[in-house]
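Structural features, examined
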Amino acid sequence: MAMRESEVQAFTLEQLKHLVSERALRGETILLNVGPQHPSTHGVLRLLVELDGETIVSVVPDIGYLHTGIEKHCESRTYTKIIPLTDRIDYLSSMSNNLAYVMAVEKLMGVEVPLRAQYVRVILTELQRIASHLVWLGTHALDIAAMSVFLYCFREREMILDIFEMVSGQRMMVSYFRVGGLWRDVPEGFEEAVRAFLKLMPARINEYERLLKKNPLWLRRTKGVGVISPEDAISWGVTGSSLRGSGVNYDVRKAQPYSSYDHFEFDVPLGENGDVYDRFVVRLEEMRQSLRIIDQALRRLPKGPYITADRKVTPPPKEELAWSMEALIHHFKFWTEGFSPPPGEVYHAVESPRGEFGVYINSDGSPKPRRVHFRAPSFVNLQALPIMAKGCLVADLVAIIGSIDIVLGEIDR
Amino acid sequence: MSIPEVIERVRARFSEAVQEVVEFRGETTLVVRREALVEICRFLRDDPGCPFNLLSDLCAVDYWPERPRFAVNYHLYSLPRNLRLRVKVFLGEEDPVVPTVTGIWPTANWHEREVYDLFGIRFEGHPDLRRILLPEDWEGHPLRRDHPLVVEPVQFSFNWQEIDARKPYARE
């Protein structure tokens, strides 16, 4: 048995000596293994940390513990059946993933989406952003030993999950968006539920702010910690709030508006120093901006169809099957064979709570894609962790991991 | 500056290296030769008129059984100009090697490791080309189209002799 255990050692110093400094090989610095089973790694992230006393010399992330082969799986499914898989990539922002995927397929098929569906999509993805930021804020604060914030954040997140359950029947794995629109129209009581949330939430965000923003303990743990310069952030491909924390104004919603984001007024909050504190401030402000967007979208929510009438990508209404032969054919073709986009490739990016979430689809003209690739923002942002953590204290590592807001499901896919 | 102008400049500078320019659904794909890939990428990043400073994604496609079999896509984004461009390079099955772009965009590091891990495409000059998602001792590259989705076929036969011959461990 002892033999077996020595065989599973994947991480040996011999293999990794090009990643650590020479002092580690001479035994002058300490190599510390963090994770994969460690609460502050937000999942199953493993880090090999090289320490000089308490100062971090280098960090080598080791990922892949949650690899589920979703991209391979997509190749054997029809385009509609891939939607539930996208929920499971980043399980804290399933709405954004759904949106990115269905919009990529819509681009591939050249489908127009009704305005009502676009507005509902905006409302739900912005709610998802708030829900995701609430999980981030709660766990990030918990990592830096501010226990109460976690409880408050999860209390408010519950309201959003209730709204999701109301529209889709699911709290987290929603799969609510369909190619061409939505699964169903939003139910009665949806608008009231969102309004109630809008009414309550601003005060709650102020509450989190009062708990943390001027808290001396919080400031000492976050100010000047984990700094990344705008140039480094761009060259390492960092996107989302982590990039905006460094002062780079790049938000896909503003830069390349999709799903009628250009109809709404909102600001893109920017940081200055690129440290943990600025990323915290940016995300907190983003929640307020999301509320602004939801408010506008809800006020102007148009009436009309919730899904396109294009029978290539949507099944006909059930009652039509009773009298229309054509509807029956469409129904049968849609649910057995699926639809076939023209051969070609598209890339569509949306602003997920974590950054630019892109979907690349390569179609060979058959009902199943040749290749689906997800550009996972956490995967790319995590790569910048060694840059941020270099020279910080080992206790800061926990704060930095929290501040880049990773979801391991998305990193490993 | 717009995408057609960028394409014009690349064509003027690297006339032989540009194989094809594809327009599809408002996206432009620049298909280039492998030999000139790094130079073209460097040119695109440093072009003062339209610097593509963000490599937003890098992924591979397996066109099996078509030939050439593999392609690597570089999804570039220009922050100052708000433009997207896809650079594509095709690779043969016999020699799936492509020069690394980690020297141009450091973020390519993990993307290239992922492509190496799942497709077996090697990146020449990569500083740390190890598997990233799969275990070190994994055999094969699962995102290749000829890699089976399930290893064990579903048993439909009740011919026990045949089953015994195929799966001697099933009796135990």
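Bear in mind the structure is a predicted one, so any value in this text is a computation, not a measurement. (Residues numbered from 1 in each chain as written. Chains lettered and ligands numbered in written order. Predicted model: local features only at pLDDT ≥ 70, side-chain atom pairs only at ≥ 80, totals over all residues.)

Scanning chain A from terminus to terminus reveals 19 helices and eight strands. Against the globule reference of 22 Å for 413 residues, chain A gives a C-alpha radius of gyration of 23 Å, in line with a compact fold. The principal-axis extent of the C-alpha atoms belonging to chain A is close to 80 × 55 × 40 Å. Scored against the burial criterion, the 413 residues of chain A give a buried share of 50%. Put simply, of all contacts in chain A between residues at least 6 apart along the chain, 69% involve residues at least 24 apart. (Helix = DSSP H or I, 4+ residues; strand = E, 2+ residues; numbered from the N terminus. Rg over C-alpha atoms; globule rule 2.2 N^0.38 Å. Buried ≥ 20, exposed ≤ 12 C-beta atoms within 10 Å, placed from the backbone. Contact = placed C-beta atoms within 7 Å.)

Often, the extent of an interface is quoted as the loss of accessible area upon association of its parts. Contacts between chain B and chain A engage 29 residues on the former and 37 residues on the latter. Listed by contribution, the elements that provide at least two residues to the side of chain B that touches chain A are strand 3 (54–62), strand 4 (70–78) and helix 3 (108–119) of chain B. With six residues, the top contributor of residues to the side of chain B that touches chain A is strand 3 of chain B. Looking at side-chain class alone, the side of chain B that touches chain A contains 16 nonpolar, seven polar and six charged residues. (Nonpolar A, V, L, I, M, F, W, Y, C, P; charged D, E, K, R; others polar.)

Turning our eyes to something else, we now look at the domain arrangement of chain A. Residue and element names in this part refer to chain A. For chain A, the domain assignment lists domain 1 (2–62) and domain 2 (70–309 + 340–412). Measuring from the centre of the C-alpha atoms in domain 1 to the corresponding centre in domain 2 gives 31 Å. Contacts between the two partners involve 14 residues from domain 1, matched on the other side by 16 residues from domain 2. With five residues, the top contributor of residues to the side of domain 1 that touches domain 2 is strand 3 (residues 55–62). (Domains from an automatic or database assignment.)

Glancing now at the sheet that holds strand 1 (residues 30–34) of chain A. Hydrogen bonds between backbone atoms are what pair the strands of a sheet, whose relative direction is either parallel or antiparallel. All names here are of chain A. The three strands lie next to each other as 1-2-3, forming an open sheet whose pairing is antiparallel. At either margin of the open sheet sits one strand with a lone partner, and together these are strand 1 and strand 3. Here the strands of the sheet are splayed against their neighbours by 20° on average, with no regard to which way each runs. With five bridges joining them, strand 1 and strand 2 (residues 46–52) adopt antiparallel strand pairing. Looking across to strand 2, one finds that Ile30 is bridged to Leu51. (Pairing = 2+ DSSP bridges. Axes fitted to C-alpha atoms, helices over the stretch in contact; angles between N-to-C directions.)

All names here are of chain B. Here strand 3 lies mainly inside the structure; nine of its nine residues are buried. In terms of strand pairing, strand 3 meets strand 4 through eight bridges, oriented antiparallel. Each residue of the ladder has a partner; that of Ala60, found in strand 4, is Val72.

A separate point is helix 6 (residues 94–109) of chain A. Residues and elements named next belong to chain A. Taking 1.5 Å of rise per residue, the 16 residues of helix 6 would be expected to cover 22 Å, and the 22 Å separating its terminal C-alpha atoms lies within 8% of that figure. The buried fraction of helix 6 is high, at 16 of 16 residues. Positive backbone phi, approximately 70°, marks Gly110, located one or two places after helix 6. (Expected span 1.5 Å × (residues − 1).)

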